[in-house]
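Tertiary structure, described
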Amino acid sequence: MPLDRSRPLWDIHILNVKTTDAEAVGVLRFNHALADGMSFFSLVLACTHKTSNPDVLSTSNPSVKRRTTMPHNVEKTGWFPRTMFTIGSTMRLIWNTFVDLLLLSATMLFLKDTKTPLTGGVDVRTNPKRFYHRNISLDDVKLIKNAMNMTINDVLLGITQAALSSYMNRRYEQDKKNEKDGALLTPFPNNLPDGIRFRAGCTVNLRSDIGFKPLAEMMAKDSKCKWGNYFSFIILPLSIGLETDPLVYLKKAKAMMARKKHSYHAPLVYFFIKIILKVFGAKAAASVFNQYVMNITTCVSNVMGPMEEVSFHGHPIAYISPSSYGHSQALLVHYTSYAGEMTITMMVDPTVIPDPHKICDDMEESLKTIKAALWERGLL
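Described in the following lines is the structure provided in the data block. Numbering of residues begins from 1 in every chain and follows the order in which that chain's sequence is written. For a predicted model such as this one, the threshold for reporting local features is a pLDDT of at least 70, and the threshold for listing and counting side-chain atom pairs is 80 or more; totals across whole chains, interfaces and linings nevertheless cover every residue. With hydrogens and water excluded, all non-hydrogen atoms of the structure serve as input to the side-chain values.

This next bit is on the packing of aromatic side chains. Within 6.5 Å between ring centres, the rings of Phe, Tyr and Trp (the latter by its six-membered ring) count as paired, and their orientation is classed by plane angle as stacked under 30 degrees, edge-to-face over 60, tilted in between. Going through the model one piece at a time under the given rule, you end up with 8 aromatic pairs. The interplanar angle of 15° and the centroid separation of 3.5 Å between the aromatic rings of Phe30 and Phe40 together place this pair among those described as stacked. With Phe30 in strand 2 (residues 25-30) and Phe40 in helix 1 (residues 37-46), this residue pair connects regions lying 10 residues apart in the sequence. Relative accessibility thresholds used throughout: buried, under 20% of the residue-type maximum; exposed, over 50%; partly exposed, between the two (1.4 Å probe, protein chains only). With a relative accessible area of 27%, Phe30 lands in the partly exposed category. Between Trp95 and Phe98, the aromatic rings sit 5.9 Å apart at their centres with planes inclined by 35°, giving tilted as the arrangement. Placement of both Trp95 and Phe98 in helix 3 (residues 79-109) is noted, with a separation of 3 residues, approximately one turn of the helix. Trp95 sits in the exposed class, given a relative accessible area of 55%. Classification of Phe98 as partly exposed rests on a relative accessible area of 48%. Ring-pair connections join several aromatic residues into one group, and the members of that group are Phe231, Phe233, Phe289 and Tyr292. Secondary structure is summarised from DSSP: a helix means a run of H or I of at least four residues, a strand means a run of E of at least two, and numbering begins at the N terminus for each.

Given below as structure tokens:
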């Protein structure tokens, strides 16, 4: 049901039904116009206490700074190598930004993703949605991150590419079986079409401090980690294909994210949307935003949650599983870390994806396969 516009645009539902993960489920629903995920995590933390010590309020995560783009070996050299690196880096930054904005314009006008079994139909925005979640080990993700010298986002994106490739391969195989009216006598290991254009809109936190702060600090004037909607989107071209080496998914994800980080795409998109919002109003800004979102297949995000277990009014929180609905995609993927675990949350249109648990199965299997490959090569 839509939110009641005569009241503040948020509500809380307590589903007093026992599940496999918890004794009951609390659903906090709010309109995204109020704030982004970082802001609401700060709000939730302000309402909770440490489970280990109920008399102490839960603390925020430590401040996390963005990584420097200059390698340490260059920083330690003389002024000339640093100058040449800066000039080259600036030229790449300008070129990457130009290409990204050109592709963004093309996506808004005509460039659409390949139609796949994960592509939403014309009624995808209004269809009822299903939410599904799965917990995986955050320690395993960090182990892979350190072994491959990459970020947690790189690892999660690599796992996502591997899982969606496996899932879509089975869907295409099933379609072939249906076309032939029965089982294939000789199943093909690779059923994916060549040249699939499969892109994801990835949320980018534009705050200088990417770890969230206490609520009072976020709402303070001129805060570096301010409350509200202060995020943007970048478009990530996902590599959909079957790889014999599972580490290839990680390497491709790392290279792609390094390329996207070296671009002003995200802040410029935020700036353009703000200009359109102020000059032409909210409807025009929403129309521009939705225009390019409609032409990509999915959206992906990762939010850092509390590092230790917290409780709400004396009830320990077993997991935190954020998501959203009302988008133009049949699949949204959200990752959230909480108390040593990483929660994968799927929002799906069940008319398009009737089995989201199988995607989560593939993500778990991809994580195990990548970890096993690193063990075999002596990298762990």
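For helices, the axis comes from a line fit to the C-alpha atoms of the stretch in contact; other axes are also lines fit to C-alpha atoms, and the angle between any two N-to-C directions lies between 0 and 180 degrees. Relative orientation of the contacting elements helix 3 and helix 9 (residues 282-293) amounts to 90°, with a least axis distance of 7 Å. Comparing their axes, helix 9 and helix 3 come out roughly perpendicular. Counted together, Leu104, Thr107 and Met108 of helix 3 and Val288, Gln291 and Tyr292 of helix 9 form the full contact between these two elements. Only Asp, Glu, Lys and Arg are considered charged, only Ala, Val, Leu, Ile, Met, Phe, Trp, Tyr, Cys and Pro nonpolar, and every remaining residue, Gly among them, polar. Residue composition of the contact of helix 3 with helix 9, by class: 4 nonpolar, 2 polar and no charged. In this scheme, roughly parallel covers angles under 35 degrees and roughly antiparallel covers those over 145, while 65 to 115 is roughly perpendicular and the rest are oblique. Only heavy atoms matter for contacts: two residues are in contact if any of them lie within 4.5 Å across the pair.

What follows is about the layout of surface pockets. A cavity here means a set of points on a 1 Å grid, drawn over the protein atoms and nothing else, where a 1.4 Å probe fits but cannot get out; a pocket is an open set with protein on both sides within 12 Å along at least five of seven lines, and a residue lines either one if it has an atom within 4 Å of a point. Grid points are joined across faces, edges and corners, and a volume is the space filled by probe spheres set on the points. What the second largest pocket holds in volume is close to 410 Å³. Contributing to the lining of the second largest pocket are 16 residues, with Thr119, Gly120, Gly121, Met294 and Ser328 lying nearest its centre. Tallied by class, residues from the lining of the second largest pocket come to 4 nonpolar, 8 polar and 4 charged.

Moving on: the pairing of strand 5 (residues 199-205). Burial runs high along strand 5: 6 of the 7 residues are buried. Two strands pair under a simple rule: DSSP has to find at least two bridges between them. Examined bridge by bridge, strand 5 and strand 6 (residues 231-237) share 7 bridges and lie antiparallel to one another. Following the sheet pairing, Thr203 is matched in strand 6 by Phe233.

Right, let's get into the nonpolar core. If you look at the biggest cluster of nonpolar residues, it comprises 53 residues, and the most contacted ones within it are Met168, Leu238, Leu331, Met346 and Met363. Of all the elements, helix 5 (residues 152-179) adds the most residues to this core, at 9 residues. Take the buried residues of types Ala, Val, Leu, Ile, Met, Phe, Trp, Tyr and Cys, join any two whose side-chain atoms come within 4.5 Å, and each joined set is a nonpolar core.

Assignment of secondary structure puts His262 in the loop between helix 7 (247-261) and helix 8 (265-280). With 246 residues separating them in the primary sequence, His262 and Asn16 have C-alpha atoms 47 Å apart.

What follows deals with helix 4 (residues 138-148). Residues Leu138, Asp140, Val141, Ile144, Lys145 and Met148 constitute the buried set of helix 4. Viewed along the axis of helix 4, the buried residues span an arc of 160°, placing them on a single side of the element. Turned more than 90 degrees away from the buried face of helix 4 sit Asp139 and Asn146, all of them exposed. The distance from a side-chain oxygen at the start of helix 4 to the backbone nitrogen of Asp139 is 3.3 Å, and the residue carrying that oxygen is Ser137. This arc is built from the directions going out from the helix axis to the C-beta atoms. Whenever two N or O atoms come within 3.5 Å, that pair is a polar contact, provided that in protein one can donate a hydrogen and the other can accept it, and provided that, for residues adjacent in sequence, both atoms are side-chain atoms.

Moving on to the sheet that holds strand 9 (residues 315-316). Read across the open sheet, the 3 strands follow the order 3-8-9; overall the sheet is antiparallel. Of all strands in the sheet, those bounded by a partner on one side alone are strand 3 (49-50) and strand 9. When strand 8 (residues 310-312) meets strand 9, the two strands line up antiparallel, connected through 2 bridges. Paired with Ser311 across the bridge in strand 9 is Pro316.

Structurally, Asp100 is set in helix 3. Asp100 sits in the buried class, given a relative accessible area of 3%. Put simply, Asp100 and Ile234 are 134 residues apart on the chain and 8.6 Å apart in space, counted from C-alpha to C-alpha. Of the polar contacts made by the side chain of Asp100, one reaches the side chain of Lys260; its length is 3.2 Å.

Glancing now at the pattern of salt bridges. Counted as salt bridges are all cases of a side-chain nitrogen of Lys or Arg within 4 Å of a carboxyl oxygen of Asp or Glu. Applying the stated rule across the entire model yields 14 salt bridges. For the salt bridge of Glu308 with Lys50, the shortest nitrogen-to-oxygen distance reads 3.7 Å. Highlighted residues: Glu308 in the loop between strand 7 (298-304) and strand 8 and Lys50 in strand 3, separated in sequence by 258 residues. With a relative accessible area of 31%, Glu308 lands in the partly exposed category. Connected through salt bridges with shared partners, the residues Asp100, Arg259 and Lys260 form a single ionic network.

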